[in-house]
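Next come the chains, spelled out residue by residue.
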Amino acid sequence: MQGFAEVEASPYVKDNVTGVVWVLTNKQIEAGAKAIAEDMMLPGGGRKKLARVVSDHLDWFDAVEARGLTWGDMSRLLLAAGAHGSDGRAIPVGTLSSTVWRKRSDAASPIS
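From a predicted model like this one, the values you see are computed outputs, not experimental measurements. (Residues numbered from 1 in each chain as written. Predicted model: local features only at pLDDT ≥ 70, side-chain atom pairs only at ≥ 80, totals over all residues. Heavy atoms only, no water.)

1. Some remarks on the environment of Ile29
Here Ile29 shows up in helix α1 (residues 26–40). When the C-alpha atoms of Ile29 and Trp60 are compared, they prove to be 7.9 Å apart, with 31 residues separating the residues in sequence. Ignoring anything within four residues of it in the chain, the contact list for Ile29 reads Leu24, Trp60, Val64, Arg67, Leu69 and Leu77. (Helix = DSSP H or I, 4+ residues; strand = E, 2+ residues; numbered from the N terminus. Contact = heavy atoms within 4.5 Å.)

See the structure below:
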């Protein structure tokens with residue numbers, strides 16, 4: 001499975017410079033959503049915490065936002081790819097946006 005969070009290996013970060021993001025094609029966006037959906041699933045039918053998945057795929061969220069997708073678009077796209085909330089519905093927009101915001105903030109904070 002392709003990792004979308006490693007800055008060194010990410011196809012979405014230009015020249016390994018944080019903050020410079022390639023414009024994704026529809027196929028790349030869909031592939032990223034599918035990778036997120038797969039990563040959410042644990043063996044035995046369990047699910048990873050959303051915060052862990054978002055952290056692992058933070059650059060995908062940056063890239064799709066740069067492409068112009070709204071939080072509602074992302075939530076619907078993730079649902080179509082198989083990523084959903086614990087109730088089987090789309091991940092609520094507020095939950096998704098606040099989780100991504102927190103992880104972006106964590107990533108920007110210097111480690112003490």
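2. Here's the deal with the layout of surface pockets
Of the pockets and cavities examined, the second largest pocket occupies roughly 180 Å³. Here the residues of the lining of the second largest pocket sort into five nonpolar, five polar and four charged. (1 Å grid on protein atoms, 1.4 Å probe; cavity = no way out; pocket = protein on both sides within 12 Å on 5 of 7 lines; lining within 4 Å. Points joined across faces, edges and corners; volume = space filled by probe spheres on them. Nonpolar A, V, L, I, M, F, W, Y, C, P; charged D, E, K, R; others polar.)

3. Focus on the pattern of salt bridges
Within the structure shown, the criterion is met by four salt bridges. The residue Glu65 makes a salt bridge to Arg104 at a minimum N-O spacing of 2.6 Å. Within this pair, whereas Glu65 is found in helix α3 (residues 58–67), its partner Arg104 is found in helix α5 (residues 93–108), the two being separated by 39 residues in sequence. Notably, a salt bridge pairs Asp73 with Arg76, separated by 2.7 Å at the nearest N-O pair. Taken as a pair, Asp73 and Arg76 lie in helix α4 (residues 71–81) at a separation of three residues, close to a single helical turn. Given a relative accessible area of 28%, Asp73 falls into the partly exposed group. Residue Arg76 is classed as exposed on the basis of its relative accessible area, which comes to 52%. (Salt bridge = Lys/Arg side-chain N within 4 Å of Asp/Glu carboxyl O. Buried < 20%, exposed > 50% of the residue type's maximum accessible area, 1.4 Å probe, protein only.)

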